[in-house]
Structures are given as structure tokens and as C-alpha cells.
Amino acid sequence: MAHKLALIGFGTVGQGLAEILLEKADPLREEEGFEAKIVAISDMMKGSLYHPDGLDIRKVLEVTRETGSLEGYPDTPGLIRGWDSFETIEKSNADTIVEITFTDIKTGQPAIDHCRAAFENGKNVVTSNKGPVALAYPELSELARKNGVKWGIEGSVMSGTPALRIPRVSLAGNEIKEIRGILNGTTNYILTKMEEGLTYDEALKKAQELGYAEADPTSDVEGYDALYKVVILANVIMKASLTRDQVERKGITGLTPDDIEQARQEGKRWKLLAEIKKGQDGVRASVSPVKIPLDDPLAGVTDATNAVTYVCDLAGPVTLVGAGAGRTETGFSLLIDLINIERGHL
Ligand code: HSE
């Protein structure tokens, strides 16, 4: 039976997921036994649609591409328009809510309330939003468990690169004592371009044009985006209870072309490094620019690519390199959680 989805939010990531479901429907069904239909979409700006038997994904994408709104989707018997996010979560027949709203990272809202409402209504959630995972992981994972539903969060760190599933599944049984990583693409891109001779402003402008930067790039360049990912990694992988104010943070805005040149002369390279260490006195974490030697595996990670190293007691250091953002990559992060819900592996 097809897995029924309600998308809360229909921006780049939601459209990326819809495109994957449309284009990969046959191989997903034939090779993975996975079938999904989108029964509802509710978006603050674009409007909302619900049909218990499923929407025509091709038409939804067409009308969104052409008009920027869902209003032009054709009327069919049984179609309901105008439900807000909470009506969609409560009244739709969806098995899983795909929570991909534009969320205020300082409060985690409205994503946190959407997750609560979904779990209380017996629905799974998959999300790529950092807010609910960084700010409310213990509460929301317990609420999902109590209601017998699943919470997929893979896309909240490094989009479709399995930064959470690799340590949780494939490295299970190890004690992970240290995590180091490059968790923000915008700053890594800026640092790479500054090494190539661009000024900070030129590099930031390019990162914005390429769509890497957050709506407000302060979150990237001052290290907040990476900080929230550090909180997620510490709490989900190391089972710590780290809060955002316990993470030391410094961004890259103070780095000058002279600093970049001096590192080059020392055979080093600046990276905005996220570090999480488990010690006798608990978990300590930081995000800050660090000069690392060129033979460090993280030094070779350039442009907007992300990377993370898990230092394991049994497997040794394991480094994962891949995308940290992107329409299809983040769409995939939601798909892999959905596939794992269907497999009973989440
Ligand atoms: N702005 C982020 C980055 C996107 O540059 O990595 C993913 O959080």
C-alpha cells in the first residue's frame, strides 16, 4: 500500500522531494518495494490542497513552477483547499507528515508545534529542519515513542549525506569519543574562494547566488548554523544533553586575507571547525576557525562540501564527506527516512 504523505511547507526541499517521488516512482517500487503518494500540501504562501486519494504530483509541480502558487491546481471531486498546517496534520489521512516549513531557528517554531501535533495525532514525522532536533530532541523523541510513531531527522545535519544514520546504524557498538567536522557549506565555500584570491564580500555574494547561504547569512558566517548541527550531533550520537549556550562559537568574519596567506605559508588552511569531545567532565563542544595542516583529511574538503569524522573506540576514525545542502540532496534525506520507516528500521 502506498505510504501517504502530507507536506507542511512546499519550498525548494518539498519540491525536491516531490520531483524525486515522481521521477523515481518505478525504481523505488520495483527495487525497494516503496510507494508513496502525496495526499496533502499546506504552505503559508502557496496555499493548500488535500485529497484523500492523493494529488497528481506532476500537476502540482507544474502549477507551482508556472505560478508560484497551488491555487491553479485543477478542481477534482473530493479536493479540499485552504486547510492550514494544523488542520492538515490533524484531519488528513496521511501516515507521515513531512515537516519542511521555514522555521525560526531561535525558537524552533512552527516546526516544534507541528511535530507535537503530528505525534499526538498518531502520525510519523520526517524533517530536515534543524530547529526541532537541536532545541527539542528529548521531548519530541519521547513523544513519538509514547505515541508509537517514528521521527526521521536525517536531513537535519548534512542533508542527504548520512551523517546521523552512519554512526547510529553502521557504527553502533562503538563509543564515539570525538566528532570533528566542517558542517557549514557557505563558510567553507567562502574560505576556499578567499584562498583563490577573492575578497570576503565577493565570496559571500557568490555563495548567496549559488543558494548555499541561509536567508540571513549571519547564521552561516558567525557559526550559528554549524552550532545547531553540533548540538544535534552531540545529543543524538553521543546522547549528551548539550544546549546551544554551552557551545563555544566564533565565526569567520574576523579572518583577513593576511591570515589566509599566513596559513598558506605555514602549510595550513583555515576551516570553520566543529569539535565535540567526550571527557571526564561531560561533553565539550565548539565551532571556530582553526588552522589545520594540509594532511588532515578535513583540509582537502573544499567549496561547499561538508565532512565529519567520528572517532570510534572500535572502528577508529571514520570520515564522511558529502553535500551539506541542496534541493535534491535534502529531498533525498527525507526519502531515506521514509524508506526506513517502511522497512521498519527507524
Ligand atoms: N546554509 C547552510 C550551509 C545550509 O551553508 O551549509 C544547510 O544548513
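Up top is the structure.
Residue numbers here run from 1 along each chain, matching the order of that chain's written sequence. Thresholds applied to this predicted model are a pLDDT of at least 70 for local features of residues and 80 or more for the giving and counting of side-chain atom pairs; totals over whole chains, interfaces and linings are not thresholded and use all residues. To obtain the side-chain values, all non-hydrogen atoms of the structure were included, while hydrogens and water were left out.

Details of the environment of G155
Turning to step 1, where the next piece is worked out: Segments assigned H or I by DSSP are reported as helices when at least four residues long, segments assigned E as strands when at least two residues long, and all are numbered from the N terminus. Mapped onto the elements, G155 comes out in the loop between β7 (151-152) and α7 (165-170).
Turning to step 2, where the next piece is worked out: Throughout, a contact is declared for two residues whenever any of their heavy atoms are within 4.5 Å. Apart from residues no more than four positions distant in its own chain, G155 is found in contact with T127, S128 and S333.

Considering the nonpolar core
Turning to step 1, where the next piece is worked out: Think of a nonpolar core as a cluster: buried Ala, Val, Leu, Ile, Met, Phe, Trp, Tyr and Cys residues, connected wherever their side-chain atoms sit within 4.5 Å. When a residue's accessible area, from a 1.4 Å probe over protein chains only, is under 20% of the maximum for its type it is buried; when over 50% it is exposed; and in between it is partly exposed. Counting residues in each nonpolar core, the largest one holds 68 residues, and the members touching the most others are W151 and L233.
Turning to step 2, where the next piece is worked out: Ignoring sequence-local partners within four residues, the contact set of W151 consists of C115, F119, V125, T127, P132, V133, Y137, L140, S141, A144 and L346.
Turning to step 3, where the next piece is worked out: Counting 28 residues, the second-largest nonpolar core is a separate cluster that includes A18, L28, F34 and L334.

Re the site of the ligand
Turning to step 1, where the next piece is worked out: By convention in these notes, a residue is near a molecule or strand provided one of its non-hydrogen atoms lies within 4 Å of it. The local shell around the ligand consists of K130, N184, G185, T186, Y212, A213, E214, D220, D225, K229, G324 and A325.
Turning to step 2, where the next piece is worked out: Any pair of nitrogen or oxygen atoms within 3.5 Å is treated as a polar contact; in protein, a donor-acceptor pairing is required on top of that, and neighbouring residues in sequence qualify only through side-chain atoms on both sides. Residue Y212 places a main-chain N or O atom 2.9 Å away from a nitrogen atom belonging to the ligand.
Turning to step 3, where the next piece is worked out: Measuring from an oxygen atom of the ligand, one finds a side-chain N or O atom of D225 at 3.1 Å.
Turning to step 4, where the next piece is worked out: Shrake-Rupley sampling with a 1.4 Å probe provides the accessible areas, and residues are treated as covered by the protein chains on show and by no other component. Protein contact buries 90% of the 260 Å² of open area that the ligand shows by itself.

The analysis is restricted to geometry; functional conclusions fall outside its scope.
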